[in-house]
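Working through the structure, step by step
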4 protein chains.
Amino acid sequence: MRILIDSKGKKYPVTDEDLHTNWGYIKKEDIALSSDGDVLETHMGHKFTVIRANLNDYIDLMERKCSIILPKDVGIINAYTGLGYGQKVVEAGTGSGATALYFANIVGPDGEVFTYEVREDFAQIAGKNIHEFGQENVTVKNQDIKEGIDESSVDLVFLDLPQPWDVVEHAVNSLKVGGYLAAYDPYIEQVITLNKVLKKYGFSELKTLECILREMEIKTKGTRPKTRMTGHTGYLTFARLL
Amino acid sequence: MRILIDSKGKKYPVTDEDLHTNWGYIKKEDIALSSDGDVLETHMGHKFTVIRANLNDYIDLMERKCSIILPKDVGIINAYTGLGYGQKVVEAGTGSGATALYFANIVGPDGEVFTYEVREDFAQIAGKNIHEFGQENVTVKNQDIKEGIDESSVDLVFLDLPQPWDVVEHAVNSLKVGGYLAAYDPYIEQVITLNKVLKKYGFSELKTLECILREMEIKTKGTRPKTRMTGHTGYLTFARLL
Amino acid sequence: MRILIDSKGKKYPVTDEDLHTNWGYIKKEDIALSSDGDVLETHMGHKFTVIRANLNDYIDLMERKCSIILPKDVGIINAYTGLGYGQKVVEAGTGSGATALYFANIVGPDGEVFTYEVREDFAQIAGKNIHEFGQENVTVKNQDIKEGIDESSVDLVFLDLPQPWDVVEHAVNSLKVGGYLAAYDPYIEQVITLNKVLKKYGFSELKTLECILREMEIKTKGTRPKTRMTGHTGYLTFARLL
Amino acid sequence: MRILIDSKGKKYPVTDEDLHTNWGYIKKEDIALSSDGDVLETHMGHKFTVIRANLNDYIDLMERKCSIILPKDVGIINAYTGLGYGQKVVEAGTGSGATALYFANIVGPDGEVFTYEVREDFAQIAGKNIHEFGQENVTVKNQDIKEGIDESSVDLVFLDLPQPWDVVEHAVNSLKVGGYLAAYDPYIEQVITLNKVLKKYGFSELKTLECILREMEIKTKGTRPKTRMTGHTGYLTFARLL
């Protein structure tokens, strides 16, 4: 997917229509003739660069019906599980498909992502989002993961659902030895229950983390952490099957 | 690389020698005959599982001559730049090679990582570490990145060196449109100078983040954030070339 | 000052008029006849308790022309300087007078607070606020503290102004041996400059702190840190004259 | 109490003996003749200033049998309850007496602090510590606060004990209308139980806070938050009786 982006990071997807922005329009013929890296101007002189959307561009633009896990948390999941190309990932629930896209972007064409979503409407939107981004290594399954995981020899089972402990037994059967279960839980009570169940099933290297991200404000007046910040998204729990 | 790991996460690399641990030894013949997932016992009955080392296992075990960037920070870099399979990354300095391995694990065989290290001793150790892990998509260059970047059409230039601003002009010439420069700076003064130079060279979407990671302690006595935590590692600055 | 407060913490000052609230009114005669601790009802049945306003109640209700230092930061100042009854405090600038009230509430009738404010309009409002709360140990001075501090043998000089380093020399002359200078600075550049000047003037026990306050959300659904939080207010710098 | 303090903040209490330090000794006659603010030199030329110990100096030097609540947390308690001169405080448990001293330093001679400690050995040490500092407005009670609070019309009941909910009913009977209960709990499970009991007893303005304190490192090399920090001490819960 190609997009037009200005110097502030304001983004518009390229379609086969004229582009109308708050700073003027660009004709579809001009867009059609452009190459990646070209700079186009609206009739009001506002400049947009044509680029191939990367994952974050696309997630910003795609349709969402529910909140998504923030990049900070996906980044921590990737780093703590050693996620890499060629790996096999199972996740639930799919939501809008953003996390599946993050995983798919990393595991690449030699890897696979299977994402379970119990709600049909979410599964459909996610399927559309993933297809539009051109990611071919993701399978959206409109199934309840509590009833079982079809895949085996899995490197990572990622759970973002209200009662992740219901899936621990399935994860044991699905993960390869050395593989990880990771879970995203907003509430500490969820973490405590999950932890108990993970211990019961013999998981190793249990760890629960919280990532607090601060953004700095760097202005002529001075430098400081921003006044507003997100206080909490979710706890990230990791466990390894040995 | 294969390793032996116990239920506490204590790891030993598999070599062609007997394994001597604090909890007894295992004969080399037993290790040689084992498959991934097998459980071996020391003569004292302590159990170890044989697994293929993932990236984090390996980084824990490899030789280091300097401190490495923590997983939390690499994770944020990956998430905020949309790093994925098939991408081309340039980084400096290499250090022990841990960050190069993180990037290589993600960009995979269709991607490439070029890592510049001015110190010959560091470059050698990093080369050995990367080779031992079996990663073939990394090129260690014993060159000073301040003298130029050889690669072009790069998706990510990552800088972990005292004066990253000296490399900004080279990054402009090296990055593809839409690509990212990312920098890791322990000191706020570095961030402020880098920010000025990035603006001067026309970079977009400037952002400086700090990732504070808390670990939770979940015990029978109760649940709480751990008493000790790392207060600061470095600031992460991102900028995009448009 | 007396106030009416409901179970949610919604507060109204007692005046000699009928009280009109969003949940109905209470007649002035009923208020006049009430004692501390009595519960009054509006004509719609909403209950309010009559109490003597404490400091925080009053600061919530008083007139403000500028932002005030939050309780978390005043609390840290008090704790790190060992502020107590009978001490003598100098501060600048006064702003709305909230910090002066915090100090005065602690130093009590045997202590004194002298607060310098260069803007006449701020000094007037602060004077009114302090007088209304009935605090008699505060002197508001419509003077520029950069021109000098009149008081000597001071226990604490607290500075909340853009260039606190201009006042360091005056503080040296004003503080007693063992006394503290404390400063509130939003920007790190201010902290760095102040630190240099404090060292030059021979201050001891230099320390710069930042207080990050998280609020927990405890609901039937579960317990978690609140989604929103204040990311940064100001850095607190402490130095002691020995 | 008088102390000798050097420019690094290293402190020694004044006794009627010669002072032996790591940097040489000072004769008792010289100390006896000195006044507050005088600078004395050891026989090796190391300089110490004579000052009257403030609260924090004293707490640093006094005997401790158990960990104490940190200044950051006491500061938040004071700020959120509006603690001031002349108020009446009840606390449990006493521990080494540090928190009682903080409260006593603020409420002053017109206020009172009653501190309950069930262990006789702690109560004795605390009594000695408080007496030595010369604080006359504190009463140490070797009693179990779960059996009742003797005092009434109290402004603040502060609880630092494993099951603070056992004391909530007593606090209701002891607090004046508008007064606060505050509790310090290391574990979130304690906070959750306490919260339920506080609601059951009709407390208002419930709030649970956590104070995360970062210290900045300001050196010639650069400025940054310190590498090490305390990750967690305790949660602070506040509730008001209306």
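So, how was this worked out
Residues numbered from 1 in each chain as written. Chains lettered and ligands numbered in written order. Predicted model: local features only at pLDDT ≥ 70, side-chain atom pairs only at ≥ 80, totals over all residues. Heavy atoms only, no water. Least-squares fit on C-alpha atoms with pLDDT ≥ 70 in both. Helix = DSSP H or I, 4+ residues; strand = E, 2+ residues; numbered from the N terminus. Buried < 20%, exposed > 50% of the residue type's maximum accessible area, 1.4 Å probe, protein only. Contact = heavy atoms within 4.5 Å. Buried area = accessible area lost by both parts, 1.4 Å probe. Salt bridge = Lys/Arg side-chain N within 4 Å of Asp/Glu carboxyl O. Polar contact = N/O pair within 3.5 Å; in protein donor to acceptor, adjacent residues only side chain to side chain. Nonpolar A, V, L, I, M, F, W, Y, C, P; charged D, E, K, R; others polar. Pairing = 2+ DSSP bridges.

**Remarks on the relation of the copies chain D and chain C**
Overlay of chain D on chain C (RMSD 0.0 Å): rotation 180°, translation along the axis 0.0 Å. Both chain copies can therefore be described as sitting about a two-fold axis. When C-alpha distances to the rotation axis are compared across chain D, the minimum falls at D:Gly75, with a value of 2.0 Å.

**Details of the environment of B:Asp121**
All names here are of chain B. Here Asp121 is to be found in helix H5 (residues 120-133). By relative accessible area, which is 32% here, Asp121 ends up partly exposed. Residues Asp121 and Asp150, 29 residues apart in the sequence, show an inter-C-alpha distance of 22 Å.

**Section: the interface of chain A and chain B**
Chain A puts 55 residues into the contact, and the matching count from chain B is 55 residues. Overall, the association of chain A and chain B removes approximately 4,400 Å² of surface from exposure, summing both partners, and the carbon and sulfur fraction of that is 61%. A salt bridge links B:Lys207 to A:Glu215; its shortest N-O distance comes to 3.8 Å. Counting every contact that joins chain A to chain B gives 19 residue pairs in polar contact (both at pLDDT 80 or more). The set of elements that each furnish at least two residues to the side of chain A that touches chain B consists of strand S6 (47-52), helix H2 (55-61), helix H3 (71-81), helix H4 (98-107), strand S11 (175-185), helix H7 (188-200), strand S12 (204-219) and strand S15 (235-240) of chain A. For the side of chain A that touches chain B, the leading source of residues is S12(A), giving 13 residues. A breakdown of the residues in the side of chain A that touches chain B according to their chemical character gives 25 nonpolar, 18 polar and 12 charged. Pairing analysis gives nine bridges linking S12(A) to strand S12 (residues 204-219) of chain B, with the strands arranged antiparallel. Opposite A:Glu210, over in S12(B), you have B:Arg214 as the bridge partner.

**Remarks on the relation of the copies chain A and chain B**
Expressed as a screw transformation, the operator carrying chain A onto chain B has a rotation angle of 180° and an axial translation of 0.0 Å, and the superposed copies differ by an RMSD of 0.0 Å. Looking at chain A, 100% of its interface residues are interface residues in chain B too, so the copies touch through the same face.

**Observations concerning helix H3 (residues 71-81) of chain B**
Residue and element names in this part refer to chain B. Among the 11 residues of H3, 10 are classified as buried, and the element is accordingly described as predominantly covered. Of all the residues in H3, the buried ones are Pro71, Lys72, Asp73, Val74, Gly75, Ile76, Ile77, Asn78, Ala79 and Thr81. At the C-terminal side of H3, Gly82 shows a positive phi close to 60°.

**Remarks on the pattern of salt bridges**
Oppositely charged side chains can form a pair if their charged atoms are brought close together. Residue and element names in this part refer to chain A. Following the criterion strictly, the structure yields 68 salt bridges over all chains and no others. Salt-bridge contacts for Arg240 lead to Glu205; the nearest nitrogen and oxygen are separated by 3.1 Å. Linking Arg240 in strand S15 with Glu205 in strand S12, this pair joins segments that are 35 residues apart in sequence. Relative accessible area serves as the criterion here: at 0%, Arg240 is assigned to the buried category.

**With respect to the interface of chain D and chain C**
Each partner contributes to the interface: chain D provides 55 residues, whereas chain C provides 55 residues. When the area that chain D buries against chain C is broken down by residue, the three leading residues are D:Tyr85, D:Met216 and D:Ile218, summing to 13%. In this assembly, chain D and chain C are joined by four salt bridges. The salt bridge involving C:Arg240 is made with D:Asp57; its shortest N-O contact spans 2.6 Å. Taken together, chain D and chain C are joined by 19 residue pairs in polar contact (both at pLDDT 80 or more). Secondary structure elements with two or more residues in the side of chain D that touches chain C: strand S6 (47-52), helix H2 (55-61), helix H3 (71-81), helix H4 (98-107), strand S11 (175-185), helix H7 (188-200), strand S12 (204-219) and strand S15 (235-240) of chain D. The biggest single contributor to the side of chain D that touches chain C is S12(D), with 13 residues. Residue classes in the side of chain D that touches chain C are distributed as 25 nonpolar, 18 polar and 12 charged.

From the geometry alone we can't say anything about function, so treat these as descriptive.
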